[in-house]
Amino acid sequence: MSRRRWLFWLALDLLAVAALVWLDRSFSASSPPRLSPPSPTPSAEIYARQAEAAYRSGQLEAAERAYRLALALEPENPARYPPLIRLLAFSHRLEEAADWLERGRRLAPEDPTLLGLTALIRDWQGRIDEAIQAGERAVALAPDQGPLYAYLAEAYADAHRPQAALAAAQKGVTLAPDHPDPYRALGYVYETLGRYAEAIAQYRAALNRDPHLVVVWLALGRNALALGQTAAALEAFQRAAALRPQDPRILDELGWLYYNLGRTEDAQETLTRAWEQDPTDWRILYHLGVTLYARRRYEDIVQADRLPEGIRRLQERLAAEGKRCTPETLSAEPRCARLVEMAYLLGLSHYYLGDCAAARPWFQMALAISPQEENARKGLRLCEGARSP
């Protein structure tokens, strides 16, 4: 082969190699990047297990979120509803629990666990006959499930059927000795019978099995107070508040206990937090008003969103129930006494601020309901004396 021809073929080979390199780079630039395989979406079962783990560690909000995620993935599965319903109910959130219960019952009206929770929630709503009907149906469908007897026992207790209540609660304990709900129910039965020491023992048994039951801590606190065990009561309310630090009802109970223990500064701080969470609850406004008066915070008491708002809210509640506070209804309706107290405290606060014109209508309101109320009569006398030369 001549040198010229050899150079010609060498040049063609080099051009071919260059073309291949160019094509390879072109395809690499235009090809999409390689993606890692997508992570699988967690299943409802995974979220449910995460919720249980969070609950066991005391992370109630995380548990609730995970239960809701499980439900979002399987909204047609009735088994996903009871854990969330129970968590909400025993966390002192009855309305939300009742809402989820209705959704679950629409899917499975004869599910024994949902029927048992129906008994619990209907009883707490004051619909006792419906509660008993649902509870009896639940235990008929699943006679070996101890917690179902617990929910029925509580309804029996509120129907003033103590023997049936005790029998149902004790059967629940026998069938499910490791579950907290039968012990809680047995404690409640003893509480309704005034057997507070026995109630406390059963509530503690429930908490030994599940220390995250807010309603049981509150019940333990109530029974300890009934026995004059203020230290135990305070610890119980504090434990409940630690589990639900933003719950205004729990903060209200804790704050009112502080007040009754003479810890008015702690009471004011805790009740103010409760009011910030729910400025419309007349009970919180009443407790905060009494506490502010004890601390001589008259300027705060007369603010429109404090004690005047408490009076307005209580009047609205009574009117919605078709009730009025008069001398004739005073002894029959305990809330009327609270209305009288709020009125004269508001009047006295105005008096101490030097404003008898604002004070008199509140004294007169108190006397219109309770004509012999000495604090209101004294307030009017003080204002009359202030007006005298």
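As shown above, the structure is provided for reference.
To start, this report covers the structure provided alongside it. All values reported here derive from a predicted model rather than from experimental measurement.

Turning next to empty space enclosed by the protein. Summed over the entire model, instances satisfying the criterion amount to 1 cavity of 30 Å³ or more. One number sums up the size of the largest cavity: a volume of about 30 Å³. Lining the largest cavity we find Leu60, Glu61, Glu64, Leu87, Ser91, Arg93 and Arg244. Tallying contributions element by element places helix H3 (residues 60–73) first for the lining of the largest cavity, with 3 residues. Here the lining of the largest cavity is built from residues that sort into 2 nonpolar, 1 polar and 4 charged.

Here we take up the layout of surface pockets. In this structure, the largest pocket encloses a volume near 770 Å³. Lining the largest pocket are 24 residues, with His92, Arg249, Asp278, Asp281 and Arg283 sitting closest to its centre. The dominant element in the lining of the largest pocket, judged by the number of residues it contributes, is helix H14 (residues 248–260), at 5 residues. Looking at the lining of the largest pocket residue by residue, the classes come out as 6 nonpolar, 3 polar and 15 charged. There is about 500 Å³ of room inside the second largest pocket. Elements that contribute at least two residues to the lining of the second largest pocket include exactly helix H2 (44–56), H3, helix H4 (81–90), helix H6 (112–124) and helix H8 (146–158). The leading source of residues in the lining of the second largest pocket is H2, at 5 residues. The class makeup of the residues in the lining of the second largest pocket is 13 nonpolar, 3 polar and 8 charged.

Here the focus is the pattern of salt bridges. If you walk through the whole model with that rule in mind, you get 35 salt bridges. Between Arg68 and Glu64 there is a salt bridge whose closest N-O contact spans 3.0 Å. Here Arg68 and its partner Glu64 are both found in helix H3, 4 residues apart, which amounts to about one turn of the helix. Classification of Arg68 as partly exposed rests on a relative accessible area of 29%. Salt bridges sharing common partners tie together Glu45, Arg49, Glu74 and Arg80.

In this fold, Asp123 is placed in helix H6. In this structure Asp123 touches Ile128, Ala131, Glu154, Ala155 and Asp158, once residues within four positions along its chain are discounted.

So, about the environment of Pro177. Looking at where Pro177 falls in the secondary structure, it is placed in the loop between helix H9 (162–175) and helix H10 (180–192). Residue classification places Pro177 among the partly exposed residues on the basis of a relative accessible area of 39%. On a C-alpha basis, the gap between Pro177 and Gly146 in space is 8.3 Å, while along the polypeptide they are 31 residues apart. When sequence neighbours within four positions are dropped, the list of residues in contact with Pro177 reads Tyr183 and Arg209.

Right, let's get into the nonpolar core. Formed by 118 residues in total, the largest nonpolar core has its most connected members in Ile85, Tyr151, Leu339, Met342 and Tyr344. Not counting the four nearest positions on each side in its chain, Tyr344 is found in contact with Phe363, Ala366, Glu373, Asn375 and Ala376.

Looking now at the state of the cysteines. What the rule picks out here adds up to 2 disulfides. Here Cys356 engages in a disulfide with Cys383; their sulfurs sit 2.2 Å apart. Looking down the S-S bond of the Cys356 and Cys383 bridge, the torsion is -90 degrees, so its handedness is left-handed. On the criterion of sequence distance, the pair formed by Cys356 in helix H20 (residues 356–369) and Cys383 in helix H21 (residues 374–387) is long-range, its members being 27 residues apart. For the chain, the bonded cysteines connect in the pattern 1-2, 3-4 when numbered consecutively along the sequence.

All told, the structure shown has 7 aromatic pairs when counted by the stated rule. Consider the rings of Trp256 and Tyr286, whose centres lie 5.9 Å apart with planes at 45 degrees: the pair is tilted. Taken together, the residues Trp256 in helix H14 and Tyr286 in helix H16 (residues 282–294) connect sequence positions 30 residues apart. Ring-pair connections join several aromatic residues into one group, and the members of that group are Tyr293, Tyr298, Tyr351 and Tyr352. When the ring centre of Tyr183 is taken as reference, the NZ or CZ atom of Arg209 above it lies at 4.0 Å. Over the ring of Trp275 we find Arg306; its NZ or CZ atom is 4.0 Å from the centre of that ring.

On to the packing of H10 against helix H11 (residues 196–209), then. The contact between H10 and H11 brings their axes to 8 Å, and the two run at 165 degrees. Judged on the interaxial angle alone, H11 and H10 are roughly antiparallel. Our pair here, H10 against H11, has a crossing hand that is left-handed. Residues Pro180, Tyr183, Arg184, Leu186, Gly187, Tyr188, Tyr190 and Glu191 of H10 touch H11, and the partners they reach there are Tyr196, Glu198, Ala199, Gln202, Tyr203, Ala205, Ala206 and Arg209. Split by residue class, the contact of H10 with H11 holds 10 nonpolar, 2 polar and 4 charged.

The rules we used
Residues numbered from 1 in each chain as written. Predicted model: local features only at pLDDT ≥ 70, side-chain atom pairs only at ≥ 80, totals over all residues. Heavy atoms only, no water. 1 Å grid on protein atoms, 1.4 Å probe; cavity = no way out; pocket = protein on both sides within 12 Å on 5 of 7 lines; lining within 4 Å. Points joined across faces, edges and corners; volume = space filled by probe spheres on them. Helix = DSSP H or I, 4+ residues; strand = E, 2+ residues; numbered from the N terminus. Nonpolar A, V, L, I, M, F, W, Y, C, P; charged D, E, K, R; others polar. Salt bridge = Lys/Arg side-chain N within 4 Å of Asp/Glu carboxyl O. Buried < 20%, exposed > 50% of the residue type's maximum accessible area, 1.4 Å probe, protein only. Contact = heavy atoms within 4.5 Å. Core = buried A, V, L, I, M, F, W, Y, C linked by side-chain atoms within 4.5 Å. Disulfide = S-S within 2.5 Å. Phe/Tyr/Trp six-rings, centres within 6.5 Å; stacked < 30°, edge-to-face > 60°. Lys NZ or Arg CZ within 6 Å of the ring centre and 35° of its normal. Axes fitted to C-alpha atoms, helices over the stretch in contact; angles between N-to-C directions. Parallel < 35°, antiparallel > 145°, perpendicular 65-115°, else oblique. Left-handed = near helix turned anticlockwise from the far one by under 90°.

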